[in-house]
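Breakdown of the fold
If you want the building blocks of each chain, they are given just below.
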Amino acid sequence: MKRNQRYESRLEKRKQNRFLNIAIGLVVLLIVVVAFNLFSGDENETASTNKSNSEQNENNENNESNNSSIEMESDDSKSKPDNEDSESQDKEETAEDQDKADEETTEEEKTESETPEGGGPEGPWQPIGTSQTEPHTKTYDDGSQDWNEMVQALSYATSIPQDQMTIFWLGNGGGPDLSKGTVQSKADGKKYDVMLQWVPEKGWQPTSVTPVQ
């Protein structure tokens with residue numbers, strides 16, 4: 001009877017020891033698994049952080065490169081309009097100079113074509129034409145349209161080119177539509193008194209040319 005009790009007691013202890021050994025093994029395994037997960041998580045986090053930092057640095061470098069490109073393009077776009085403005089201004093100035101030259105040529109051709117037949121100290125004389133409107137008002141202001149047409153009439157009446165003619169006097173000829181001028185040729189020294197009369201809508205017409213000694 002006692003032997004049976006001892007045997008059962010030993011069997012019970014063996015079962016308890018086996019259970020404890022299994023429990024201890026499970027605990028150790030659990031500790032190993034948890035430690036492995038912790039170390040693995042730290043390595044992944046470190047790698048992720050490094051990768052994120054690397055990507056951020058690349059993005060910053062790309063942004064700086066893009067900004068530099070934008071600034072260079074902006075500078076080029078700013079300088080390009082300046083060059084275009086300069087070229088446009090040069091073209092405008094050239095066009096204006098050409099227009100002035102064309103106008104001067106046209107005026108010279110117009111004057112030559114409008115010069116009436118005859119002329120010279122012996123006549124006959126015709127009205128020289130005019131661009132003035134009626135009613136006509138005499139004016140002896142140098143450079144005025146009326147003055148220029150009277151000078152043209154003096155040149156026509158004496159056959160002295162305007163650039164070779166010295167005007168000693170040009171003024172009132174004794175009436176509202178009369179003028180008188182005294183001119184001399186720079187080439188040969190011949191001097192004349194010339195009477196002019198205004199013809200409505202046709203301009204100044206020489207009426208007499210008298211040599212002056």
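What comes next is a walk through the structure.

Conventions we followed
- Residues numbered from 1 in each chain as written.
- Predicted model: local features only at pLDDT ≥ 70, side-chain atom pairs only at ≥ 80, totals over all residues.
- Heavy atoms only, no water.
- Helix = DSSP H or I, 4+ residues; strand = E, 2+ residues; numbered from the N terminus.
- Buried < 20%, exposed > 50% of the residue type's maximum accessible area, 1.4 Å probe, protein only.
- Contact = heavy atoms within 4.5 Å.
- Areas by Shrake-Rupley, 256 points an atom, 1.4 Å probe, with all protein chains shown as cover.
- Expected span 1.5 Å × (residues − 1).
- Pairing = 2+ DSSP bridges.

Scanning the protein chain from N- to C-terminus turns up 2 helices and 4 strands. N-terminal to C-terminal, the α/β element order of the protein chain is α-α-β-β-β-β. Out of the 213 residues belonging to the protein chain, those deemed buried represent 19%. At a minimum sequence separation of 6, the contacts of the protein chain that also span at least 24 residues come to 44%. Accessible surface computed for the protein chain: about 16,200 Å², of which carbon and sulfur atoms make up 48%.

A word on helix α2 (residues 145–158). End to end, α2 covers 20 Å across 14 residues, agreeing with the expected 20 Å (1.5 Å per residue, within 8%). For α2, the full list of buried residues reads D146, W147, E149, M150, V151, Q152, A153, L154, S155, Y156, A157 and T158. Looking at the residues trailing α2, positive phi occurs at S159, about 60 degrees.

Another aspect to go through is the pairing of strand β2 (residues 178–185). Looking at chain direction, strand β1 (residues 165–172) and β2 are connected through 7 bridges and run antiparallel. When the bridges of β2 are listed, L170 appears paired with G181. Between the end of β1 and the start of β2, which pair antiparallel, lie 5 residues, with G174 showing a positive phi angle near 105 degrees. Bridge count for β2 against strand β3 (residues 191–199) is 7 bridges, and the pairing is antiparallel. Counted as the bridge partner of K180 is M195 from β3. As consecutive antiparallel partners, β2 and β3 are separated by 5 residues, and within that stretch G189 has a phi angle of approximately 80 degrees, a positive value.

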